[in-house]
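In case you want the letters, here they are:
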Amino acid sequence: MSVSVSNRGGAHIVTLAGEIDLQTSPQVRDAVLDSLRQGGAVVIDMGGISYIDSSGVASLVEGFQVARRQGVAFILAAVSPAAMRVLQLARLDKVFAFQPDVDTALAEGI
Amino acid sequence: MPDRILASLCVPGRAESLRLIRGMVREAALARGATAEWAHDLVLAVDEACQNVVRHGYGDHGLSGDVIVEVTANGEGLCVHVTDFATPVDPATIRPRDLEDIRPGGLGVFLMRALTDECVWEAPPPGAGNVLRLCKWLPKNSREGEHT
């Protein structure tokens, strides 16, 4: 699993790749919350994620809640069908904001 | 047809073991003829069960111990038994949380039940703590002995 953070157009882009599970989700949580602490919108690029479990979903929910308190955008981009299935089962597909890719998120979502 | 053991694994009940468990369950499901999507759902259910053991069975009590994961095939699909050596829990106290309550955590039991056809805590054998049986049935045209 890899996590990287960059800045584009005033937003933090958190790019995730690989499998997010109980072992790796703390890295996701740290990257998401660190980005939110710096202020501004956060886009999570999920295009490289091959697997996500409930601990990974919990990291995203925590980020969503912090962003909502701060009044900044928190967008999930390029969500794979497997990840979307987990979010739908958890009824979070109606909670998060989604965009098909990072460029669209930056252009239209924030 | 009788149950047939496809794969079995005994690993330390730690987060680092989960990837290995997922790989075994995924390969067993694919070898049995499951689609990638079907295999993903069983893998996720088993992963959630095992991480509950790691986090709550052992972690919450400062304990360490093994997890045994056994995949069996029968005429309807696959069953996975997850055995731990933690303190036995009363299955009646294990409930999924309300999904209307949007908060981090607490999704594991919900996913285990949503992704399988059976999710049952069995009486553990002597020396074991808890045994969870997760079963998922294959589509009828994918079952052993049945062909389209």
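See the structure shown above.
A brief report on the enclosed structure follows. (Residues numbered from 1 in each chain as written. Chains lettered and ligands numbered in written order. Predicted model: local features only at pLDDT ≥ 70, side-chain atom pairs only at ≥ 80, totals over all residues.)

It is worth spelling out the overall build of chain B at this point. When its secondary structure is counted, chain B shows 3 helices and 5 strands. Helices and strands in chain B line up, N terminus first, as β-α-α-β-β-α-β-β. In terms of C-alpha radius of gyration, chain B reaches 15 Å, essentially the compact-globule figure of 15 Å for 148 residues. Principal axes of the C-alpha set define a box for chain B whose edges measure 50 × 40 × 30 Å. For chain B, the proportion of its 148 residues judged to be buried stands at 38%. Of all intrachain contacts in chain B linking residues separated by at least 6 positions in sequence, the fraction that spans at least 24 positions is 62%. (Helix = DSSP H or I, 4+ residues; strand = E, 2+ residues; numbered from the N terminus. Rg over C-alpha atoms; globule rule 2.2 N^0.38 Å. Buried ≥ 20, exposed ≤ 12 C-beta atoms within 10 Å, placed from the backbone. Contact = placed C-beta atoms within 7 Å.)

All names here are of chain A. In spatial order, the strands read 1-2-3-4-5; together these 5 strands make up an open sheet with mixed pairing. The sheet is open, and its two borders are formed by strand 1 (2-8) and strand 5 (97-99), each paired with just one other strand. Pairwise comparison of adjacent strand axes, ignoring direction, gives a mean angle of 25° for this sheet. Alignment of strand 2 (residues 11-20) against strand 3 (residues 42-52), held across 8 bridges, turns out to be parallel. Among the inter-strand pairings, H12 is bridged to a residue of strand 3, identified as V42. In the packing of helix 1 (residues 25-37) onto the sheet, contacts are made with strand 1, strand 2 and strand 3, and the angle to strand 2 comes to roughly 175°. (Pairing = 2+ DSSP bridges. Axes fitted to C-alpha atoms, helices over the stretch in contact; angles between N-to-C directions.)

What follows deals with the packing of helix 1 of chain A against helix 2 (residues 54-70) of chain A. Residues and elements named next belong to chain A. For the pair helix 1 and helix 2, interaxial distance at closest approach is 9 Å and the crossing angle is 10°. Compared by their axis directions, helix 1 and helix 2 come out roughly parallel. Side by side, helix 1 and helix 2 meet where S25, V28, R29, V32, L33 and L36 of the first sit next to S55, G56, S59, E62, G63, V66, A67 and Q70 of the second. Here the residues of the contact of helix 1 with helix 2 are counted per class, giving 6 nonpolar, 6 polar and 2 charged. (Parallel < 35°, antiparallel > 145°, perpendicular 65-115°, else oblique. Nonpolar A, V, L, I, M, F, W, Y, C, P; charged D, E, K, R; others polar.)

Right, let's talk about the interface of chain B and chain A for a bit. Contacts between the two partners involve 19 residues from chain B and, on the opposite side, 17 residues from chain A. Put simply, the parts of the chain that give the side of chain B that touches chain A at least two residues each are helix 1 (18-31), helix 2 (36-58) and helix 3 (108-114) of chain B.

Take the pairing of strand 3 (residues 77-84) of chain B next. Looking along a regular strand, one sees the side chains alternate between the two faces of the sheet. All names here are of chain B. With 7 of its 8 residues buried, strand 3 lies for the most part within the structure. Pairing of strand 2 (residues 66-73) with strand 3, which is carried by 7 bridges, proceeds in the antiparallel orientation. Bridge pairing in strand 3 places V71 opposite V80.

So, to be careful, I would describe these as geometric facts and stop short of saying anything about function.
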